[in-house]
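# Structural description and commentary
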2 protein chains.
Amino acid sequence: MGPVEAAAGGEAPAAEAPAAVLLDPVAALAELAPLGADPVRGGWSRHLFDDADREMRAWFVRTARSLGLDVEVDRNANQWATWRAGGAAAPAVATGSHLDSVPGGGPLDGPLGVVSGLAAVARLQAEGHRPDRPIRVANFAEEEGARFGVPCLGSQLLAGDLTAERVRALTDTAGATAADVLAGAGIDPARIGPDPDRLADLALYLELHVEQGRQLAPLGHPVGLATSILAHGRWRVTLTGRGDHAGATELDSRHDPMLVAAAAIRSARDRAVAAEPGTRSRATVGKLHAVPGGSNAIASEVTLWLDARAEHDADVRALVAAIIGDVEAASAAEGCGVVVVEESFSTRVEFDADLTDRVAAALAPRLGDVPRIPTGAGHDAGILAAHLPAAMLFVRNPDGVSHSPHEGASDQDIRAGVDALADALRALTSGGAA
Amino acid sequence: MGPVEAAAGGEAPAAEAPAAVLLDPVAALAELAPLGADPVRGGWSRHLFDDADREMRAWFVRTARSLGLDVEVDRNANQWATWRAGGAAAPAVATGSHLDSVPGGGPLDGPLGVVSGLAAVARLQAEGHRPDRPIRVANFAEEEGARFGVPCLGSQLLAGDLTAERVRALTDTAGATAADVLAGAGIDPARIGPDPDRLADLALYLELHVEQGRQLAPLGHPVGLATSILAHGRWRVTLTGRGDHAGATELDSRHDPMLVAAAAIRSARDRAVAAEPGTRSRATVGKLHAVPGGSNAIASEVTLWLDARAEHDADVRALVAAIIGDVEAASAAEGCGVVVVEESFSTRVEFDADLTDRVAAALAPRLGDVPRIPTGAGHDAGILAAHLPAAMLFVRNPDGVSHSPHEGASDQDIRAGVDALADALRALTSGGAA
């Protein structure tokens with residue numbers, strides 16, 4: 001019997017203190033492991049409102065209710081579980097993360113943050129803590145942008161950073177529009193968009209996430225705090241040539257967009273290396289689609305996605321401009337066409353220094369002086385940081401691998417993360433702290 | 001009412017001369033145009049025993065029967081329509097091509113050969129020709145190898161050039177085995193394989209095909225004859241790296257197989273150019289698959305297909321060795337792994353000079369001195385050439401484009417091709433000519 005089933009027997013009414021229940025994060029993650037396991041890619045594929053994502057969402061509802069939390073879905077498909085514990089009406093202290101994944105991703109990005117949020121609430125309930133304001137655990141929709149191409153879809157809609165019109169018209173690879181997919185899941189596509197009341201009801205947001213990259217292991221710390229997120233964006237590059245026969249077409253009469261794609265891949269690495277050191281520049285092509293995609297046919301069209309990041313917005317702009325310049329030169333040499341569309345751009349994020357200091361102080365008794373590290377990965381916390389105090393906790397990733405089935409954290413570190421999050425939430429909801 | 005429906009009313013019993021019926025090849029191709037049209041790639045996608053291929057096959061049966069031909073499917077899924085016209089028992093004069101396509105291919109490769117074969121038979125019937133041996137029209141299965149990766153599957157099985165064991169175990173991208181797909185279409189997978197009796201019942205094979213490449217247009221001829229097929233093959237190259245986060249992973253700790261793929265694409269072109277002139281070398285990467293394929297994830301694995309061709313077998317071997325050497329060097333530099341599998345290799349083909357001379361003589365009264373040209377594309381005629389006299393007719397392709405929706409031939413040239421094929425078949429079945 002898992003930790004959730006143990007609690008689910010007594011359907012505690014919301015807003016009353018349930019019996020003290022402990023939620024072990026390691027056991028909860030094991031319970032989620034079968035959902036969305038990807039037999040082709042390996043790892044997990046959980047994308048907005050696919051079968052796996054629906055099961056993850058159902059788990060969220062079931063688990064939060066077993067802890068006596070109020071569960072709601074906002075107009076932008078984000079889930080919220082609230083512990084009122086006495087009914088204080090002040091804006092909530094919020095934590096959470098996301099339950100969707102990249103294609104073939106790891107088990108912790110982002111379920112670790114959602115599971116840890118619920119486990120920290122269970123811990124505080126068990127110890128008899130009475131928060132002076134609601135504590136809220138979020139599951140943000142489509143953080144990875146794997147289905148509709150735009151990351152942090154739910155939090156960006158909530159914050160008003162994306163127009164509802166644009167989101168409704170997004171399509172997945174099967175051609176379904178976001179409007180239809182949302183409607184099919186009971187979300188009214190006409191009502192998606194900015195939700196200022198909900199935003200105003202949040203005092204702050206503290207997200208816990210598995211570390212991406214390997215900075216904590218050499219420092220010997222199980223938990224770290226974020227300083228900033230690199231500026232980053234995603235560009236869709238469509239290269240058009242002339243489809244033809246791979247055997248019958250003379251070399252000098254070819255217009256093969258695959259050659260231009262090769263130049264783009266090479267340029268992304270070379271331009272990022274050239275921009276280093278100092279800018280933390282990186283550029284990646286991880287997704288590429290050739291049409292028609294036959295082994296004995298020269299492609300007529302290749303689409304690739306360029307992910308580019310750097311310390312500051314201007315660094316990213318310069319990096320992408322240099323790469324696109326190389327692509328245009330390669331395209332001209334091959335007699336191909338180029339169209340570049342910016343799918344997303346996320347400005348550099350500085351997390352709230354005051355909130356980060358307060359979390360560090362709450363963590364100090366158990367963890368000492370916690371390291372503060374920058375990250376190259378985007379997060380819902382980065383979106384919310386423009387609107388309210390936001391901070392992040394990272395749990396050590398021994399190999400640093402991320403967006404891969406090989407992403408990991410030790411059971412001991414996972415539990416240390418919940419300890420840290422509980423310490424922070426306790427401090428932030430004691431004596432009018434938030 | 002199309003040409004087929006016009007004839008279908010009178011179900012002429014096989015082996016009796018039906019009423020004179022003309023089959024216009026342009027109208028017949030128009031009738032086939034809706035089948036397998038690919039709304040995503042453009043063009044047509046017709047792969048072994050998918051819905052489109054089944055409809056094409058049903059059209060073949062219906063049309064051949066309307067001409068009073070005997071229709072059978074051999075043990076290797078190839079369709080045959082035979083005109084006996086008097087019942088001579090000598091080995092048949094065979095023509096035909098294939099009705100499957102590359103993904104998103106053109107309308108003529110290879111339906112033009114099948115349609116022209118049936119139209120030429122209809123022409124000879126209408127003029128009262130009495131062949132001295134059967135004339136047989138073939139539709140060879142999976143010529144393009146688009147579903148199971150091996151081109152000329154049906155003709156290679158017939159000729160004993162592939163083992164039945166290997167073919168039964170081939171899988172398509174959905175994971176279905178060839179054995180299951182054949183069984184589902186009523187072909188006993190236990191009985192596929194060499195068919196020497198059927199081969200011995202063929203006196204010769206003359207395939208008509210749309211030209212691939214652009215050699216006839218500058219020469220001002222609507223029809224050409226083939227001299228040879230370049231040696232060619234297909235290699236599957238799997239590159240393994242380390243999947244990781246596109247934003248969080250430092251450049252110097254990456255093992256990104258996409259960089260190696262870029263080197264492979266570039267090398268294929270550069271090595272082929274370096275091998276020219278004189279070898280007619282060409283190398284192409286038209287199909288590439290990245291895992292997991294997320295825009296914000298470094299790929300963990302990339303598979304690409306290398307198509308390489310040249311005048312002689314040794315040229316192809318040298319070309320592929322040079323490209324694989326480059327790929328291994330790039331892979332070592334990136335800390336990735338490489339596995340290369342040869343999916344197919346087709347030795348250089350010389351078409352039968354005597355048969356080609358006889359066809360040229362038959363064409364001369366209408367077309368004068370018909371050009372003879374080599375081709376870089378593989379064909380069932382190339383497979384059969386190792387076992388019986390084989391030759392090919394090409395119909396002018398004004399732009400030379402192939403394996404693309406933009407492949408084409410004028411209506412006038414299509415009809416000239418049928419005239420030429422009818423002239424050849426008449427001569428080869430008159431007075432003991434074959």
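Use the structure listed above.
Note that this is a predicted model, so its numbers are computed, not measured. Each chain has its residues counted from 1, following the order in which its sequence is written. Think of it this way: whatever chain is written first is A, whatever ligand is written first is 1, and the rest follow in order. Since the coordinates come from a predicted model, pLDDT governs what is reported: local features require at least 70, and pairs of side-chain atoms require 80 or more to be given and counted, while whole-chain, interface and lining totals use all residues. To get the side-chain values, take all heavy atoms of the structure and skip hydrogens and water.

Time to look at the overall build of chain A. A count of helical and extended segments in chain A gives 14 helices and 15 strands. Every radius of gyration here is taken over C-alpha atoms, with the globule rule written as 2.2 Å times N^0.38, N being the number of residues. At 23 Å, chain A has a C-alpha radius of gyration in line with the 22 Å of a compact globule built from 434 residues. On the principal axes, the C-alpha backbone points of chain A span a range of 80 × 45 × 40 Å. Exposed residues in this analysis have more than 50% of their type's maximum accessible area, buried residues have under 20%, and partly exposed residues fall in between, with area computed by a 1.4 Å probe over protein chains only. The proportion of buried residues among the 434 residues of chain A is 61%. For this analysis, residues touch if any pair of their heavy atoms sits within 4.5 Å. Nonlocal contacts in chain A, meaning residues at least 24 apart in sequence, comprise 78% of its contacts between residues at least 6 apart. Accessible areas in this description were obtained via Shrake-Rupley with a 1.4 Å probe; residue shielding takes into account the shown protein chains only. About 14500 Å² of surface is accessible on chain A, with carbon and sulfur atoms providing 52% of the total. This count recognises Lys and Arg as positive and Asp and Glu as negative, with His and chain-terminal groups excluded. Charged side chains are reduced to one point each, which is NZ for Lys, CZ for Arg, CG for Asp and CD for Glu. Each charge class in chain A can be summarised by its mean position, and for the 37 positive and 58 negative side chains these summaries are 2 Å apart. Put simply, DSSP H or I for four residues or longer makes a helix, DSSP E for two residues or longer makes a strand, and each gets a number counted from the N terminus.

Before going further, it helps to spend a moment on the sheet that holds strand E7 (residues 231–240) of chain B. All names here are of chain B. The strand order across the open sheet formed by four strands is E9-E11-E7-E12, and the pairing between neighbours is antiparallel. Lying at the two open borders of the sheet, with one neighbouring strand each, are strand E9 (282–291) and strand E12 (337–346). Averaged over all adjacent pairs, the angle separating strand axes in this sheet is 15 degrees, with direction ignored. Across nine bridges, the pairing between E9 and strand E11 (residues 301–310) is antiparallel. Counterpart to Arg282 in the pairing with E11 is Arg309. Strand contacts of helix H10 (residues 257–275): E7, E9 and E11, with the helix running at about 170 degrees to E9, the strand carrying the most contacts. Paired strands, in this sense, are two strands between which DSSP finds at least two bridges. Each axis is a line fitted through C-alpha atoms, taken for helices only over the stretch in contact, and angles between the N-to-C directions span 0 to 180 degrees.

Here the focus is the relation of the copies chain A and chain B. Here the copies are superposed with least squares, the fitted atoms being C-alpha atoms of residues at a pLDDT of at least 70 in both. Aligned on chain B, chain A shows an RMSD of 0.1 Å; the corresponding rotation is 180 degrees and the shift along the axis is 0.0 Å. The superposition operator between the copies reduces to a two-fold rotation axis. Identified as the residue of chain A closest to the rotation axis by C-alpha distance is Ala262(A), at 2.1 Å. A share of 100% of interface residues in chain A that are also interface residues in chain B marks the association as one of identical surfaces.

So, on to the interface of chain A and chain B. Listed by partner, the interface residues are 60 residues for chain A and 60 residues for chain B. With both chains or domains summed, chain A and chain B bury close to 5100 Å², and 55% of this area falls on carbon and sulfur atoms. Buried area counts how much accessible surface, traced with a 1.4 Å probe, disappears from two parts once they are put together, with both parts' losses summed. When the buried surface of chain A facing chain B is broken down by residue, Leu251(A), Arg269(A) and Ser295(A) rank first, second and third, together holding 14% of it. A pairing counts as a salt bridge when a side-chain nitrogen of Lys or Arg comes within 4 Å of a carboxyl oxygen of Asp or Glu. Viewed at the interface, chain B and chain A are joined by four salt bridges. Notably, a salt bridge pairs Glu334(B) with Arg269(A), separated by 2.7 Å at the nearest N-O pair. Polar contacts here mean pairs of N or O atoms no more than 3.5 Å apart (in protein, one a potential hydrogen donor and the other a potential acceptor; neighbouring residues in sequence count only if both atoms are side-chain atoms). Between chain A and chain B we count 24 residue pairs in polar contact (both at pLDDT 80 or more) in total. Sorting the residues of the side of chain A that touches chain B by element identifies strand E8 (244–245), helix H10 (257–275), strand E9 (282–291), strand E10 (297–298) and strand E11 (301–310) of chain A as the ones contributing at least two each. Here the side of chain A that touches chain B gets nine residues from one element, more than from any other, and that element is E9(A). Note on residue classes: Ala, Val, Leu, Ile, Met, Phe, Trp, Tyr, Cys and Pro are nonpolar, Asp, Glu, Lys and Arg are charged, and everything else, Gly too, is polar. Residue classes in the side of chain A that touches chain B are distributed as 23 nonpolar, 19 polar and 18 charged.

Close approach of charged atoms lets side chains of opposite charge pair. Residues and elements named next belong to chain A. If you walk through the whole model with that rule in mind, you get 58 salt bridges over all chains. Between Arg266 and Asp270 there is a salt bridge, with the nearest N and O atoms lying 2.8 Å from each other. Residue Arg266 and its partner Asp270 are located together in helix H10, separated by four residues, close to a single helical turn. Classification of Asp270 as partly exposed rests on a relative accessible area of 38%. Linking Arg348 and Glu350 is a salt bridge whose minimum nitrogen-to-oxygen distance equals 2.8 Å. Among the charged side chains, a salt-bridge network with shared partners connects Arg123, Glu127, Arg366, Asp419, Asp423 and Arg426.

What characterises a pair of aromatic rings is the spacing of the ring centres plus the angle enclosed by the ring planes. Each aromatic pair joins two rings of Phe, Tyr and Trp (for Trp, the six-membered one) with centres within 6.5 Å, and gets the label stacked for planes under 30 degrees apart, edge-to-face for over 60, and tilted for any other angle. This model, assessed by the stated rule, comprises six aromatic pairs over all chains. On the basis of an interplanar angle of 85 degrees and a centroid distance of 5.7 Å, the ring pair of Phe140(A) and Tyr205(A) is categorised as edge-to-face. With a gap of 65 residues between them, Phe140(A) in the loop between strand E4 (135–139) and helix H5 (153–159) and Tyr205(A) in strand E5 (residues 202–210) connect regions that are remote in the sequence. An identical accessibility class is assigned to Phe140(A) and Tyr205(A); each is buried. For the ring pair Trp80(B) and Phe140(B), a centre distance of 5.5 Å and an interplane angle of 85 degrees mean the geometry is edge-to-face.

The next subject is the sheet that holds strand E7 (residues 231–240) of chain A. Sheet strands pair via backbone hydrogen bonds, and the direction of the pair is either parallel or antiparallel. Residues and elements named next belong to chain A. The strand order across the open sheet built from four strands is E9-E11-E7-E12, with neighbouring strands paired in antiparallel fashion. Where the open sheet ends on each side, the last strands, each with one partner, are E9 and strand E12 (337–346). Strand-to-strand twist in this sheet, taken as the mean axis angle between neighbours without regard to direction, amounts to 15 degrees. In the packing of H10 onto the sheet, the strands contacted are E7, E9 and E11, and the crossing angle to E9 comes to about 170 degrees.

This part takes up the side chain of Thr95(A). Residue and element names in this part refer to chain A. Summarising the element assignment, Thr95 is placed in strand E3 (residues 92–97). Looking at Thr95, the relative accessible area reads 0%, which means it is buried. In terms of polar contacts, Thr95 uses its side chain to reach the backbone carbonyl oxygen of Leu206, at 2.6 Å. Residues in contact with Thr95, not counting those within four places in the same chain, are Gly117, Arg136, Val137, Ala138, Tyr205, Leu206, Glu207, Leu421 and Leu425.

Counting 64 residues, the largest nonpolar core has Leu288(A) and Leu288(B) as its most contacted members. Residues within four places of Leu288(B) in sequence aside, it is in contact with Met258(A), Leu288(A), Met258(B), Ala261(B), Ile265(B), Val302(B), Thr303(B) and Leu304(B). Put simply, a nonpolar core is a bunch of buried Ala, Val, Leu, Ile, Met, Phe, Trp, Tyr and Cys residues held in one set by side-chain atoms that sit within 4.5 Å of each other. Core analysis: the next-biggest nonpolar cluster, separate from the first, contains 54 residues, Ala28(B), Leu32(B), Leu367(B) and Val395(B) among them.

This part is about the pairing of E3(A). Residues and elements named next belong to chain A. The buried fraction of E3 is high, at six of six residues. The alternating pattern of E3 places Ala92, Ala94 and Gly96 on one face and Val93, Thr95 and Ser97 on the opposite face, and all of these are buried. With five bridges connecting them, E3 and E4 associate as parallel partners. In the strand pairing of E4, Ser97 is matched with Asn139. Regarding topology, helix H4 (residues 111–126) serves as the crossover connection from E3 to the parallel E4, and that connection is right-handed. Call a crossover right-handed when, viewed with both strands pointing away from you, the route from the first strand across the helix to the second goes clockwise.

All names here are of chain B. The length a helix should cover is 1.5 Å for every residue beyond the first. The terminal C-alpha atoms of helix H3 (residues 51–66), which comprises 16 residues, lie 23 Å apart, in line with the 22 Å expected from a rise of 1.5 Å per residue. When we look at burial in H3, the residues that qualify are Ala52, Asp53, Met56, Arg57, Trp59, Phe60, Thr63, Ala64 and Ser66. Where H3 terminates, the next one or two residues include Gly68, which has phi positive at roughly 80 degrees.

Moving on, we come to H10(A). For the α-helix, the turn length of 3.6 residues means that residues three or four positions removed from each other point alike. Here H10(A) contains 19 residues, and its C-alpha end-to-end distance of 27 Å stays within 8% of the 27 Å for a straight helix at 1.5 Å per residue. Backbone nitrogen of Met258(A) and a side-chain oxygen of the N-cap are separated by 2.9 Å at the start of H10(A); the cap is Asp256(A).

Checked against the element boundaries, Pro39(B) lands in the loop between helix H2 (25–32) and H3. On a C-alpha basis, the gap between Pro39(B) and Leu162(B) in space is 34 Å, while along the polypeptide they are 123 residues apart.

Another aspect to go through is unusual backbone geometry. All names here are of chain A. For the bond from Asp109 to Gly110, the omega torsion is 5 degrees, close enough to zero to count as cis. On the secondary structure map, Gly110 appears in the loop between E3 and H4. A cis amide bond links Val291 with the next residue in sequence, Pro292, at an omega value of 5 degrees. Here Pro292 lies in the loop between E9 and E10. If you check the backbone angles, Glu142 has positive phi at about 50 degrees while not being a glycine. Its place among the elements puts Glu142 in the loop between E4 and H5. Judged by relative accessible area, which is 1%, Glu142 ranks as buried.

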